[in-house]
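Inside the fold
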Amino acid sequence: MRILILHQNLFERLGYEQAIDHAAHDVTYAGAAEYLGNIPDHIRCDTYAWDPALPVTDQLRPLLAERPPYDRIIARHELLITPAAELRAEFGIPGMGPGTARNFRDKVAMKHTLAEAGFRVPRYTALDQPEGTAARWSGATIVKPRDESGSQGIELFATFEDAIAFVRERSGRNAAFAAAYELEEYVEGPIWHVDGFLFEGRAVVVQPSRYVGTPLRFENGEPLGSVQIDDPELAEWAVRCVRALGGETLTFHLEAIMTEEGPVFMEAAARCGGGYIVRATELRTGAHLHTLDMASDVESALATRFVGPARADLSHGFFLFPGHVHGGAEVIVEVADGLLDDPLVLSHRIVAPGTPTSRKNSYRPEHLPLSGVVAGKDPAEVERWLRRLLDTTTVVTRSPSCTEAYDGLGCGPDDHELAHRLAEEAGTLLLGLRTEEAFADAKALKDLGDSRSHEFLTAELARHRPLDAVLSEEGAADPARPAAGRVWIVDPLDGTREFSEAGRDDWAVHVALWSDGRLVAGAVALPAQGVVLSTASAPVVAPAAARNLGILGSRSRPPAFLEEVAERVGAELVGMGSAGAKTAAVVQGRARAYVHAGGQYEWDSAAPAAVALAAGLHASRLDGTPLRYNQSDPYLPDLLVCQAADAPVLLAVLREALEAQAQR
């Protein structure tokens, strides 16, 4: 099969490699150069670069005309739904056509279609209608772009007349304004979103959730939360809406306002919702929406392997703090002590103090100052926690004229990039030491690697962060270090035994920063694998559906009970060197979990934990308590890294195993 993918996202986030057999199919990725650049080198595919400033359809039409026919066109980004539909229709390719795509893009078309089908929608009017034919109403009114997503470009006015005055003023300056915008009645009530997947019209996954806050307020600078709440009637109503819009086989994200008379349709999209919606849906339902949709499309059959067991006993949610409203300024996130350590928090991502914000209007975690995933048995409890976080947390903009200098050069150091660079460069140094002659004396090679990497890292940190403390496995104890506000925790060579053995690649360099009571940056370099995982670009965990994944433990000293733990969760126990290498295997979707109970120190786990948390994984002590660093005694003996969905099961099994071991 020949497949054309319109690519505008992080490759790993969408799970292309899991959904599509690139060895069996001829796959072409088309996209802007910045997105084609994130396709891994080992992926067998062709690429076709387009200019993001020009119409996509016009640029791809010659490609489809000149090459052998494509059997599928896949588009997962909102702005690519319509171009993909137009090209399918023009070249006779199966899938969603332009009419249905318009119903999921044009807010006037979707409301008109649903109103005709008997669904309640807000009163609305297209601005390009002739004078005198447009509907009118009193009260609050929204001016909304017809084809934007995420509440971008929306203006709210107290009255219809105020909105009309705004429209006339804008239309006078921009003749195209009327054709691109609509007026819509503002309907008061809680906003819900329903996310799911239909296959040939049948509902496979449907998950209702209620926002804490609103997307419109997020657009204007307020944080946003969401919590899953079962509502079978709303779920069934949403599916009927999607079908009425022409949806047959598609992922959907629908938003509705709940009133005393029932739901009022807001809008729907033929794509996955933003933020952590895909992640939260997978944790609750067992279905990864991207891979489920793409695999089912390619195979013309429901790809049931991407629908795992549901976790109906937990309600998941997420929180997002907007970054775009800070206009690229450097920010500091101020969170109440211990709030992010609450057991409800499965994972979170927080920027280092002084990090510049993204200017993009975005729900993507890598563009936000603070975001994360939560879960609890009681959705009301989850919502109360979310409201507390949203009400008490602040994102403070730091003035560019600030004279405080972490690096002796100016304000707002880029700690993520520094951690990444130092780990990578130390790894390159270590690779150069692994010569054929050096392997003849393993002890000397270990000592040389430890000392050279330590010297490099401490010298670079002294040069770039002279005011920060350093905790290194190879360094002397510093009595003042536990009182320092910022501490770099480094392991110059993690897995010295493996480093000294020719042919082994499971050794690493760890660089992490602990600041104000939390891990804020980290990098794990795996030099022999050519890989650096870091918080500079948060790794995306590959979907692990239908894989028989192992539990990773110490290669040389796995605890006796670990094999029993692996057996109880239906996994194989696999030995591997380096905590960084084992954590990377979990991040990359090559292992189910990493469990360590044989004794470690802070430098062994700080950078791996930072990377794991940034990737949305669970990282904790074996009893589930948070990992705490920069203690007077750096001994930190145990660690669990796993998928957030797996954490409750693994922690329960570990607790029982540890109790049984203590009684022996």
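As shown above, the structure is provided for reference.
Residues numbered from 1 in each chain as written. Predicted model: local features only at pLDDT ≥ 70, side-chain atom pairs only at ≥ 80, totals over all residues. Heavy atoms only, no water.

Re the overall build of the protein chain
- Looking only at helices and strands, the protein chain features 21 helices and 29 strands.
- A compact globule built from 664 residues should have a C-alpha radius of gyration of about 26 Å, and the protein chain, at 26 Å, falls within 12% of that.
- Overall, the protein chain is about 85 × 55 × 55 Å in size when its C-alpha atoms are taken along their principal axes.
- Evaluated residue by residue, the protein chain yields a buried proportion of 57% over its 664 residues.
- Within the protein chain, counting contacts between residues at least 6 apart in sequence, those at least 24 apart form 67% of the total.
- For the protein chain, the computed accessible surface area is about 26,900 Å², with 49% contributed by carbon and sulfur atoms.
- With 62 positive and 93 negative side-chain charges, the protein chain shows a spacing of 2 Å between the two charge centroids. (Helix = DSSP H or I, 4+ residues; strand = E, 2+ residues; numbered from the N terminus. Rg over C-alpha atoms; globule rule 2.2 N^0.38 Å. Buried < 20%, exposed > 50% of the residue type's maximum accessible area, 1.4 Å probe, protein only. Contact = heavy atoms within 4.5 Å. Areas by Shrake-Rupley, 256 points an atom, 1.4 Å probe, with all protein chains shown as cover. Lys, Arg positive; Asp, Glu negative; His and termini not counted. Charge placed at Lys NZ, Arg CZ, Asp CG, Glu CD.)

Structural notes on the packing of aromatic side chains
- In this structure the tally under the stated criterion is 12 aromatic pairs.
- Note on Phe218 and Tyr363: the rings are 4.6 Å apart at their centroids and 25 degrees apart in plane angle, and the pair reads as stacked. Remark: Tyr363 occurs in the loop between strand E17 (355–356) and strand E18 (370–376) and Phe218 occurs in helix H10 (residues 215–219); sequence separation between them is 145 residues.
- A relative accessible area of 1% places Phe218 in the buried class.
- Ring pairing ties together the aromatic residues Phe11, Tyr16 and Tyr29, which thus form one cluster.
- Above the plane of the ring of Tyr70 lies Arg2, whose end atom (NZ or CZ) is 4.3 Å from the centre.
- Here the guanidinium or amino end of Lys111 rests over the ring plane of Tyr124, the centre of that ring lying 5.6 Å away. (Phe/Tyr/Trp six-rings, centres within 6.5 Å; stacked < 30°, edge-to-face > 60°. Lys NZ or Arg CZ within 6 Å of the ring centre and 35° of its normal.)

So, the nonpolar core
- Grouped together as the largest cluster of nonpolar side chains are 51 residues, with contacts concentrated most on Trp237, Leu254, Phe265, Phe319, Trp385 and Leu389.
- With six residues, the top contributor of residues to this core is helix H11 (residues 232–244).
- The next biggest cluster of nonpolar side chains, apart from the first, holds 39 residues, and it includes Ala581, Ala584, Leu617 and Val641. (Core = buried A, V, L, I, M, F, W, Y, C linked by side-chain atoms within 4.5 Å.)

Some thoughts on the packing of helix H4 (residues 56–66) against helix H5 (residues 81–91)
- At a closest axis distance of 10 Å, the pairing of H4 and H5 adopts a crossing angle of 35 degrees. Between H4 and H5 the crossing geometry is right-handed. Contacts from Val56, Thr57, Leu60, Arg61, Leu64 and Ala65 in H4 reach Pro83, Glu86, Leu87, Glu90 and Phe91 in H5.
- By residue class, the composition of the contact of H4 with H5 is seven nonpolar, one polar and three charged. (Axes fitted to C-alpha atoms, helices over the stretch in contact; angles between N-to-C directions. Left-handed = near helix turned anticlockwise from the far one by under 90°. Nonpolar A, V, L, I, M, F, W, Y, C, P; charged D, E, K, R; others polar.)

Describing the pattern of salt bridges
- Considering all chains together, one arrives at 35 salt bridges under this definition.
- Where Glu78 meets Arg105, a salt bridge forms, and the shortest distance between an N and an O atom there is 2.4 Å. One end of the pair, Glu78, is in the loop between strand E4 (72–75) and H5; the other, Arg105, is in the loop between helix H6 (98–103) and helix H7 (107–116), and 27 residues separate them in sequence.
- Of the residues examined, Glu78 reaches a relative accessible area of 8% and is grouped as buried.
- Linking Arg504 and Asp506 is a salt bridge whose minimum nitrogen-to-oxygen distance equals 2.7 Å.
- Owing to a relative accessible area of 25%, Arg504 belongs among the partly exposed residues under this scheme.
- What emerges from the salt-bridge pattern is a single network uniting Lys111, Lys144, Glu182, Glu184 and Glu267. (Salt bridge = Lys/Arg side-chain N within 4 Å of Asp/Glu carboxyl O.)

What about the side chain of Asp638?
- Mapped onto the elements, Asp638 comes out in the loop between strand E28 (618–620) and strand E29 (639–642).
- With relative accessibility at 13%, the residue Asp638 sits in the buried group.
- In this structure the side chain of Asp638 is engaged in a polar contact, spanning 2.8 Å, whose partner is the side chain of Arg621.
- Setting aside chain neighbours within four positions, we find Asp638 in contact with His596, Ala597, Ser620, Arg621, Leu622 and Leu627. (Polar contact = N/O pair within 3.5 Å; in protein donor to acceptor, adjacent residues only side chain to side chain.)

What to know about empty space enclosed by the protein
- With the rule as written, the count across this model stands at three cavities of 30 Å³ or more.
- Its volume calculated, the largest cavity comes out at about 60 Å³.
- Lining the largest cavity we find His193, Asp195, Gln207, Ser209, Ser226, Gln228, Ile277, Ala280, Thr281, His316, Gly317 and Phe318.
- Looking at the lining of the largest cavity, the elements with two or more residues in it are strand E9 (191–199), strand E10 (202–212), strand E11 (224–228), helix H12 (277–285) and strand E14 (315–321).
- In terms of residue class, the lining of the largest cavity is made up of three nonpolar, eight polar and one charged. (1 Å grid on protein atoms, 1.4 Å probe; cavity = no way out; pocket = protein on both sides within 12 Å on 5 of 7 lines; lining within 4 Å. Points joined across faces, edges and corners; volume = space filled by probe spheres on them.)

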